[in-house]
Amino acid sequence: MEDKLVTLAILTYAKAQILKNVLENEGIETYIHNVNQIQPVVSSGVRVRIKESDLPHALKITESSAWLSEEVVGGKSPKLEKVSNKVLIPVDFSNYSLKACEFGFNFAQNIGAEVVLLHVYFTPIYATSLPYGDVFNYQLSDEENVRSILQKVHADLNALSDKVKEKVASGEFPDIKYTCVLREGIPEEEVLRYTKEYRPRIIIMGTRGKSQKDIDLIGSVTAEVIERSRVPVLAIPENTPFKQFSEAKRIAFITNFDQRDLIAFDSLINNLKSFKFSVSLIHLSDVQNTWNEIKLAGIKEYFQKQYPQLEIYYDVVKNDNLLSSLDSYIKSNHIDIMTLTSYKRNIFSRLFNPGIARKMIFHSDTPLLVIYGRPNT
């Protein structure tokens, strides 16, 4: 296969040289074009070019700001965060916390990882110092309540651990290494803090809390983790019809024609290389536009070169009624898992303009895999 050169970035000569050194340290062959031969230092608009097959790897570096840090400019290599070989499963002792466990244990076995079961509990001890009046003015007698909460949490965690052991013994769960972790705090904050500290391969979560019966409340913690996590998150709805990732034969990947989608797609394929499935590339569009199909066809052709073993399709889904359109597409094309890229958004846009992931968490029975669109820095 001919591996043509593509332009990765257009920079000043000085920045182009820095990026070239960083890329070559990562094993990416790099060329600089359009250099002023007489005064190379004052060259502007210098093209940094690489082989097309190296594009996903190179984009991970350029999307990060680490390559322009003082350490790199000073001649040192950027520090890359090491991903631990763990599958994180936040649990709340609900019935389909166990379902998420089943999914997570099977997934971990397929990728050769270990499982971490994380439960986060909240106690009123945090509120004792808050100046909000009598509501938060806890007395010393509340220490008994805290002790009672802790005893209940430990009992529930032990009960969950016993259930897992039973299912391992019966063969329902694979016999792999797992640990239970208990943390105090707000669930979504502690899940995100754990992922930042230990960098698991993936987070696998259920989409409904133990006491939440109204469908509008389903998945609030999961949705918050999805929107803020830099680790891939797989959300397993209550009525998911299968028990493990290996049963998924067709995955849909929603693209907005953003270059970060290339990073996310590469991460998807590399993280799931243990599984066999086909991929449908989807673009959501408000109007009929032939140009969208042309771009999708181009992306498909590029991905087919990069991943020749992968069966790839593409479609434009009309976005006049997002959830209804996606539901219809999922059913008619037998989609097992929806995948999309998550981009960092500020708190106001998350409050007033919920993303596709959050809408789907509250609506769909199809598992949702969300991959962060930028590498960690």
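It should be noted that the structure appears before, not after, this text.
Enquirer: Looking at this structure, how should I read the overall build of the protein chain?
Expert: Scanning the protein chain from terminus to terminus reveals 12 helices and 13 strands. Burial status across the protein chain gives 47% buried among its 377 residues. Sequence separation of 24 or more characterises 78% of the internal contacts of the protein chain that already satisfy a separation of 6 or more. On the protein chain, roughly 19700 Å² of surface is accessible, and the fraction owed to carbon and sulfur atoms is 50%.

Enquirer: I would appreciate a short explanation of the sheet that holds strand E11 (residues 312-318) in the present structure.
Expert: What holds strands together in a sheet is hydrogen bonding between their backbones, with the strands either parallel or antiparallel. Strand order in the open sheet made by the 10 strands is E6-E5-E4-E7-E8-E13-E12-E9-E10-E11, with mixed pairing throughout. At either end of the open sheet lies a strand with only one pairing partner, and these are strand E6 (178-184) and E11. Neighbouring strand axes in the sheet, compared pairwise and without regard to direction, differ in orientation by 25 degrees on average. The pairing of strand E10 (residues 278-285) with E11 spans seven bridges and is classified as parallel. Within the sheet, the bridge partner assigned to Val279 lies in E11 and is Ile312. Relative to E11, helix H10 (residues 322-332) is tilted by about 145 degrees, and along the sheet it contacts strand E9 (250-254), E10, E11 and strand E12 (337-342).

Enquirer: Quick question: what am I supposed to make of the packing of aromatic side chains here?
Expert: The description of two aromatic rings rests on the distance between their centres and on the angle between their planes. The final tally for this structure, using the stated rule, is 12 aromatic pairs. Aromatic side chains Phe105 and Phe173 sit 5.2 Å apart centroid to centroid with 35 degrees between the ring planes, which places their arrangement in the tilted category. One end of the pair, Phe105, is in helix H4 (residues 95-111); the other, Phe173, is in the loop between helix H5 (142-170) and E6, and 68 residues separate them in sequence. Overall, Phe105 belongs to the buried group, its relative accessible area being 0%. Since its relative accessible area comes to 2%, Phe173 is described here as buried. Judged by centre distance (4.6 Å) and plane angle (35 degrees), the rings of Tyr194 and Tyr198 are tilted. On the criterion of helical spacing, the pair formed by Tyr194 and Tyr198 is a turn pair, its members being four residues apart in helix H6 (residues 187-198). In this structure an aromatic cluster arises from ring pairing among Phe253, Phe265, Tyr302, Phe303 and Tyr307. Against the face of Tyr313 rests Arg250, its NZ or CZ located 4.1 Å from the ring centre.

Enquirer: I would appreciate a short explanation of the side chain of Asp261 in the present structure.
Expert: Counting through the fold element by element, Asp261 comes out in helix H8 (residues 260-271). One buried charged residue, Asp261, forms no salt bridge at all, with the nearest opposite charge on Arg260 at 6.6 Å. A polar atom in the side chain of Asp261 sits 2.8 Å from the side chain of Thr255.

Enquirer: When you look at the pattern of salt bridges in this model, what are you seeing that I'm missing?
Expert: When the charged atoms of two side chains lie near each other, side chains of opposite charge can form a pair. Counted by the stated rule, this structure contains 12 salt bridges. Residue Lys86 pairs with Glu114 through a salt bridge whose shortest N-O separation is 3.4 Å. Here Lys86, found in strand E4 (residues 86-90), pairs with Glu114, found in strand E5 (residues 114-121); they are 28 residues apart in sequence, far enough to count as distant. Across this residue pair, the class does not change: Lys86 and Glu114 are buried. Via salt bridges that share partners, Arg183, Glu190, Arg193 and Glu197 belong to a single interconnected network.

Enquirer: Explain the sheet that holds strand E1 (residues 5-11) to me, please; I cannot follow it from the model alone.
Expert: If you trace the three strands from one edge of the open sheet to the other, you get E1-E3-E2, paired in antiparallel fashion. The open sheet terminates on both sides in strands that have one partner only, identified here as E1 and strand E2 (30-33). When strand polarity is set aside, the average angle formed by the axes of neighbouring strands in this sheet is 30 degrees. Sheet topology places E2 next to strand E3 (residues 46-51); four bridges connect them, and they run antiparallel.

Enquirer: Would you take a moment to explain the packing of helix H2 (residues 55-63) against H8 for this structure?
Expert: Relative placement of two packed helices is described by the angle separating their axes and the distance separating the axes. Remark: H2 packs on H8, axes separated minimally by 9 Å, with the N-to-C direction vectors making an angle of 120 degrees. Viewed along their axes, H2 and H8 adopt a mutual orientation that is oblique. Both H2 and H8 take part in a crossing whose hand is left-handed. Contacts between H2 and H8 involve Leu55, Pro56, Leu59, Lys60 and Glu63 on the former and, on the latter, Arg260, Leu262, Ile263, Asp266 and Asn270. When the residues that make up the contact of H2 with H8 are grouped by side-chain class, the tally is five nonpolar, one polar and four charged.

Enquirer: Which parts of the structure should I look at to understand the nonpolar core?
Expert: One broad trend across soluble globular proteins is that nonpolar side chains are buried collectively. Val87, Phe105, Leu117 and Phe265 are the most contacted members of the largest nonpolar core, which totals 71 residues. At eight residues, the largest contribution of residues to this core is made by H4. Once residues lying within four places of it in the same chain are set aside, the contact partners of Phe105 are Ile89, Val115, Leu117, Val164, Phe173, Pro174, Ile176 and Tyr178. Core analysis: the second largest hydrophobic core is formed by 28 residues, Leu88, Val120, Val191 and Val231 among them.

So, how was this worked out
Residues numbered from 1 in each chain as written. Predicted model: local features only at pLDDT ≥ 70, side-chain atom pairs only at ≥ 80, totals over all residues. Heavy atoms only, no water. Helix = DSSP H or I, 4+ residues; strand = E, 2+ residues; numbered from the N terminus. Buried < 20%, exposed > 50% of the residue type's maximum accessible area, 1.4 Å probe, protein only. Contact = heavy atoms within 4.5 Å. Areas by Shrake-Rupley, 256 points an atom, 1.4 Å probe, with all protein chains shown as cover. Pairing = 2+ DSSP bridges. Axes fitted to C-alpha atoms, helices over the stretch in contact; angles between N-to-C directions. Phe/Tyr/Trp six-rings, centres within 6.5 Å; stacked < 30°, edge-to-face > 60°. Lys NZ or Arg CZ within 6 Å of the ring centre and 35° of its normal. Lys, Arg positive; Asp, Glu negative; His and termini not counted. Salt bridge = Lys/Arg side-chain N within 4 Å of Asp/Glu carboxyl O. Polar contact = N/O pair within 3.5 Å; in protein donor to acceptor, adjacent residues only side chain to side chain. Parallel < 35°, antiparallel > 145°, perpendicular 65-115°, else oblique. Left-handed = near helix turned anticlockwise from the far one by under 90°. Nonpolar A, V, L, I, M, F, W, Y, C, P; charged D, E, K, R; others polar. Core = buried A, V, L, I, M, F, W, Y, C linked by side-chain atoms within 4.5 Å.

Just distances and angles here, no functional claims.
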